[in-house]
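In case you want the letters, here they are:
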Amino acid sequence: MSAQTPVLPCLEHSSITITPSLSPSHPLRHPAFTIPNPLLAHLEIASQHLHSSRTVAFATETVYGLGASALDPDAIKKIYLIKNRPADNPLIIHVSSLDMLQRLLPSSDVYEISKIQLALITAFWPGPLTLLFPSPNPSQPPALQTNAIRMPAHLLALALIHHSNLPLSAPSANFSGRPSPTQARHVYNDLNGAEGLGCILDGGDCGVGVESTVVNALGWKAGGGGSVDILRPGGLGVEEIARVVQEVDGRGDVTEIQMHGKPWRRNVEASSSRATHLSRTEPNLAPATPGLKYRHYSPRIPVYLLQPSNTFPRSSEIPSKTDSTPRAVLRKISADVQRNGRNPTLGLLHYEDSPLSRRVLDVSDLSIESISLGPTAESAAQRLFSGMLSLEGSAKYPANGSSSMGVDAILMEGCSDEGLGLAVMERIDKAVGGGGFGEGANAGLAQGVDSERRYWVDVS
Ligand code: TXA
Ligand code: MG
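Now for a quick tour of the structure. Residue numbers here run from 1 along each chain, matching the order of that chain's written sequence. As a convention, the first chain written is A and the first ligand written is 1, with the rest following in written order. Local features are withheld for residues below a pLDDT of 70 in this predicted model, meaning they are given only at 70 or higher, and side-chain atom pairs are given and counted only at 80 or more; totals for whole chains, interfaces and linings count all residues.

1. Observations concerning the overall build of the protein chain
(1) Moving on: Starting at the N terminus, helices and strands are each numbered in turn, a helix being any DSSP run of H or I of at least four residues and a strand any DSSP run of E of at least two. When helices and strands are tallied, the protein chain shows twelve helices and 20 strands.
(2) Moving on: Field definition: a residue is buried when 20 or more other C-beta atoms are found within 10 Å of its C-beta, exposed when 12 or fewer are, and partly exposed for counts in between, with C-beta atoms placed from the backbone. Each of the 460 residues in the protein chain was classed as buried or not, and the buried ones make up 48%.
(3) Moving on: Here the contacts in the protein chain between residues at least 6 apart in sequence split such that 71% fall between residues at least 24 apart. Once C-beta atoms have been placed from the backbone, residue pairs whose C-beta atoms lie within 7 Å are recorded as contacts.

See below:
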């Protein structure tokens, strides 16, 4: 660790204006940017870091990114070092125009952007959609033959890429395995002082709050019979992608929409998400995208999923005499996380005024800190990571771990898989699977647990 990392305030990013290109080919071909001072001065500092093989953390509409020039292997190495990221987990490249995208693709005589890629770009860029493109100079397999590329929607991110005139490789700006940062201070808490981190551009709260949806549309075929594979659910709902695919297919042509290489089916009834829920916990899915095999999003304390009965049907695997009342479930979790004879404080992330939150907050003999995720999957996505980080409390885990701030465990209210609910539930599942102490804690099917640290709760 070196000196403190400067945080440059760029909250006036809405004063940046972008004028679509007049080029008849596409409005995103080479848009024009107007960047007023003092933003321009901050972007100039960041740009100098990027041109000197250093990294810069910056806001995007999804989560904060830790960026480096995609054309500079030395700078990219620093991203992996700073994050302690596994070397085989590739990075997303961020562009600010289709001209810049074109420069990352094989030459136009051997590769042309397909009709489906163009339709997805037109519908969703700039925005939380990452697409795979063939790499212009891939190494021998098993090295990846593709690059994952997106155009972020945050004006500050676009202006940084444009001003530096560099495509930016950028993973989320957190220490590997930690919840993704949605505020500049989250980045600062994880990465302050890291060698090779030039500055943090504070663009305020991220609006989407979960990472981009990663899509492999290279398997699409004109005339039908191909596939579009969702490699990572994220800030763009699968339903939205399916709609555009259907439009491009037209009548008669059928493209299979897949999730991790398996057929995806629209979850028609929001409340009967049992089937999709089970598929989420299916063991040993072969990772279609390298990042899938890594644990993610783990606070330093245990995370529990609460599946309220108004959204999740009771599983037949739960023994009939199991007490699934909020009081009973909370007692079990309390016993699970209790340490040193002290009664634990539980943190609850819940939907606004949900039956679960009303029932849980009624259990008056327990100490509970609660944070609302708002009323919808969109608001939940936006608040999810910051909610986990607030409950965890950054002061709780100094070396001796004895501070009174922060909670002892986080309880997350589950939701249906519709829209952004899928991305939210995927992040919760990973947070439940990792982190905290007491791996293999005393939960199990016999106690009425869906699986370890997952509880169905009767809120009727
Ligand atoms: O919203 C986002 O995508 C954020 C912001 C900063 O843009 N970035 C982000 O990056 O989430 P990261 O590194 O945390 O996640 C990148 C994901 C990983 O799951 C990685 O395995 C996958 O994208 N990925 C990258 N290149 C790939 C490729 N060529 N093929 C398949 N998956 C790829
Ligand atoms: Mg990440």
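2. Quick look at the sheet that holds strand β7 (residues 129–134)
(1) Moving on: By this definition, two strands are paired if DSSP reports at least two bridges between them. Reading across from one edge, β1-β10-β4-β5-β9-β6-β8-β7-β11-β12-β13-β14 is the order of the twelve strands in this open sheet, with mixed pairing throughout. Looking along the sheet, the strands with just one partner apiece sit at the ends: β1 (7–9) and β14 (262–263).
(2) Moving on: Two elements, strand β12 (residues 227–232) and strand β13 (residues 256–259), share four bridges in a ladder whose sense is parallel. Paired with I230 across the strands is M259, a residue of β13.
(3) Moving on: Axis lines are fitted to C-alpha atoms, over the contacting stretch for helices. Their N-to-C directions set the angle, which ranges from 0 to 180 degrees. Contacts from helix α2 (residues 73–83) reach β4 (55–58), β5 (65–69), β9 (168–169) and β10 (197–202) within the one sheet, and its direction differs from that of β5 by about 155°.

3. Observations concerning helix α9 (residues 326–337)
(1) Moving on: One less than the number of residues in a helix, times 1.5 Å, gives the span that helix is expected to have. Given a rise of 1.5 Å per residue, twelve residues ought to cover 16 Å, and the 16 Å separating the end C-alpha atoms of α9 matches this to within 8%.
(2) Moving on: Those residues of α9 that sit buried are P326, V329, L330, I333 and V337. One face of α9 carries all of its buried residues, which in axial projection span an arc of 95°.
(3) Moving on: Of the surrounding elements, those touching the buried residues of α9 are β15 (303–308), β16 (345–350), α10 (355–361), β18 (409–413) and β20 (454–457). The directions considered for the arc are those from the helix axis to the C-beta atoms.

4. Here we look at the nonpolar core
(1) Moving on: Core analysis: the biggest nonpolar cluster contains 119 residues, and A57, L201, Y304, I410 and V424 have the highest contact counts within it.
(2) Moving on: It is helix α11 (residues 377–392) that provides the largest number of residues to this core, a total of eight residues.
(3) Moving on: As annotated, the domain borders come from an automatic or database domain assignment. Built from parts of two domains, this core gets at least three residues from each of domain 1 (7–102 + 149–202) and domain 2 (303–457).
(4) Moving on: When sequence neighbours within four positions are dropped, the list of residues in contact with A57 reads Y64, G65, L66, A173, V187, L191, L197, I200 and L201. To form a nonpolar core, buried Ala, Val, Leu, Ile, Met, Phe, Trp, Tyr and Cys residues must be joined through C-beta atoms within 7 Å.

5. Details of the environment of V210
(1) Moving on: Structurally, the position occupied by V210 is in the loop between β10 and β11 (213–216).
(2) Moving on: The exposure class assigned to V210 is buried, which follows from the 30 C-beta atoms found within 10 Å.
(3) Moving on: C-alpha separation for the pair V210 and T62, spaced 148 residues apart in sequence, amounts to 5.3 Å.
(4) Moving on: When residues no more than four places from it in sequence are discounted, the contact partners of V210 are T62, G234, G235, A381, L384, A423, V424 and R427.

6. Re the pairing of β20
(1) Moving on: Neither face of β20 is exposed, since R454 and W456 on one face and Y455 and V457 on the opposite face are all buried.
(2) Moving on: Taken together, the four bridges between β15 and β20 define a ladder with parallel strand orientation. Looking at the pairing, Q307 lines up with W456 of β20.

7. Describing the packing of α11 against helix α12 (residues 421–433)
(1) Moving on: It is at 8 Å that the axes of α11 and α12 come closest, and there the two elements cross at 25°. As judged from the angle between their axes, α11 and α12 are roughly parallel. Of the two elements, α11 crosses α12, and the hand of that crossing is left-handed. Listed contacts from α12 to A377, A380, A381, L384 and M388 of α11 are G421, A423, V424, R427 and A431.
(2) Moving on: Classes in brief: Ala, Val, Leu, Ile, Met, Phe, Trp, Tyr, Cys and Pro nonpolar; Asp, Glu, Lys and Arg charged; the others, Gly included, polar. When its residues are assigned to classes, the contact of α11 with α12 shows eight nonpolar, one polar and one charged. Roughly parallel here means an angle under 35 degrees, roughly antiparallel means over 145, roughly perpendicular means 65 to 115, and every remaining angle is called oblique. Take the far helix as your reference; a near helix turned counterclockwise from it by less than a right angle gives a left-handed crossing, and one turned clockwise gives a right-handed crossing.

8. Focus: the pairing of β7
(1) Moving on: For β7, the tally of buried residues reaches five of six residues, placing the bulk of the element in the interior.
(2) Moving on: Looking at chain direction, β7 and β11 are connected through three bridges and run parallel. Following the sheet pairing, T130 is matched in β11 by V214.
(3) Moving on: Relative to strand β8 (residues 146–150), β7 runs antiparallel, the two being bridged by four bridges. By the bridge assignment for β8, L131 is matched with I149.

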